[in-house]
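Now for the letters of each chain:
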Amino acid sequence: LDASVHTLESFLRLLHQIREEDLPRHEKKFKDRLNDKVSQEVALLNGALRQECKHIEGKVRQLNVALASLDFQTESNGQPATYMKLEPREVNDRDIAEFRRALRECLDESLENTDEANESRFLRIKKLVDRLADKENTRWRDKVIDIRFWFDFAAREVQRSDGKTRSYYEDSSGQSGGEKAKLAFTILVAALAYQFDID
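So, the overall build of the protein chain: which residues are in play, and what are the values?
Within the protein chain, the regular secondary structure consists of 6 helices and 3 strands. The N-to-C order of helical and strand elements in the protein chain reads α-α-β-α-α-α-β-β-α. Compactness check: the protein chain gives a C-alpha radius of gyration of 29 Å against a globular reference of 16 Å for 199 residues, more than 25% above the reference. Residues classed as buried in the protein chain amount to 26% of the 199 residues present. Taking the contacts inside the protein chain whose residues are at least 6 apart along the sequence as the reference set, 64% of them involve residues at least 24 apart. Of the roughly 14,300 Å² of accessible surface on the protein chain, 52% is carried by carbon and sulfur atoms. Across the protein chain, the mean location of the 34 positive side-chain charges is 2 Å away from that of the 38 negative side-chain charges.

Explain unusual backbone geometry to me, and be specific about the residues and the numbers.
A positive phi angle is found at Asn-77, which is not glycine, with a value near 50 degrees. With respect to the secondary-structure elements, Asn-77 resides in the loop between helix H2 (23-68) and strand S1 (82-90).

Would you mind going over the pattern of salt bridges in detail, with residue names and values included?
Across all of its chains, the model carries 14 salt bridges by this definition. A salt bridge links Glu-105 to Arg-101; the nearest nitrogen and oxygen atoms lie 3.4 Å apart. Taken together, the residues Glu-105 and Arg-101, both in helix H3 (residues 94-107) and 4 residues apart, mark about one turn of the helix. Where salt bridges share partners, they join Asp-93, Asp-95 and Lys-143 into one cluster.

The rules behind each value
Residues numbered from 1 in each chain as written. Predicted model: local features only at pLDDT ≥ 70, side-chain atom pairs only at ≥ 80, totals over all residues. Heavy atoms only, no water. Helix = DSSP H or I, 4+ residues; strand = E, 2+ residues; numbered from the N terminus. Rg over C-alpha atoms; globule rule 2.2 N^0.38 Å. Buried < 20%, exposed > 50% of the residue type's maximum accessible area, 1.4 Å probe, protein only. Contact = heavy atoms within 4.5 Å. Areas by Shrake-Rupley, 256 points an atom, 1.4 Å probe, with all protein chains shown as cover. Lys, Arg positive; Asp, Glu negative; His and termini not counted. Charge placed at Lys NZ, Arg CZ, Asp CG, Glu CD. Salt bridge = Lys/Arg side-chain N within 4 Å of Asp/Glu carboxyl O.

Encoded structure:
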C-alpha cells in the first residue's frame, strides 16, 4: 500500500481485518507464551548444568571411597598411616563466573509477571543466547558450558587413626618430583580401582 487517497479503501479493509482478528490480543498472548517458553528453556539449561555439577561431585565422592582404601603413607616412625581425599571447589575463573551470573540473572524476576520484568528478562536472555551462538566465540562457549571447567580440586592427606589433616595440596607447587608423582599416581590408581571395581 502506498500513502495515497486511492488506497484508502485498502487501508480501511486492512483496519477492519485487524479489528476482526483482534491482533493486539494475540500479540500479547504471543509475547506471554514466548516469555514463558524462553524462561523455561533457560531454567532447563540451568537445571541440566546443575545436574552435571552434582554428577561430578558424586563421582568425586565415589573416588574418595576408593582413595580411602589406599594408604598414601604407611605407618612408620610413630606417624600414623594416611589416605588422600579429593575436594572439588569452584574454579576461580572470570569467564565462568560471569556466565553463571548471567544465567542466574536470566532467571531472576521469573515470578514477577509484569510487562517490564518480562521485557527486561527477555533482553538478558537474548544477550546471553546471542553470545552463546556467536560463531567467533566458540572457545568461550565451549569453556563456560563444559562443567568440567567449573571445578578446581584440592587434595587432603588425612590420618587414618584420628581423621586429622596432615597436609593439604591446592596445587603441586612446593613438592618434589617424587611427591608430585606419588600424589598423581595414588589418585590415578584409585580412579582405576573404582572404574574397574578392583578390590
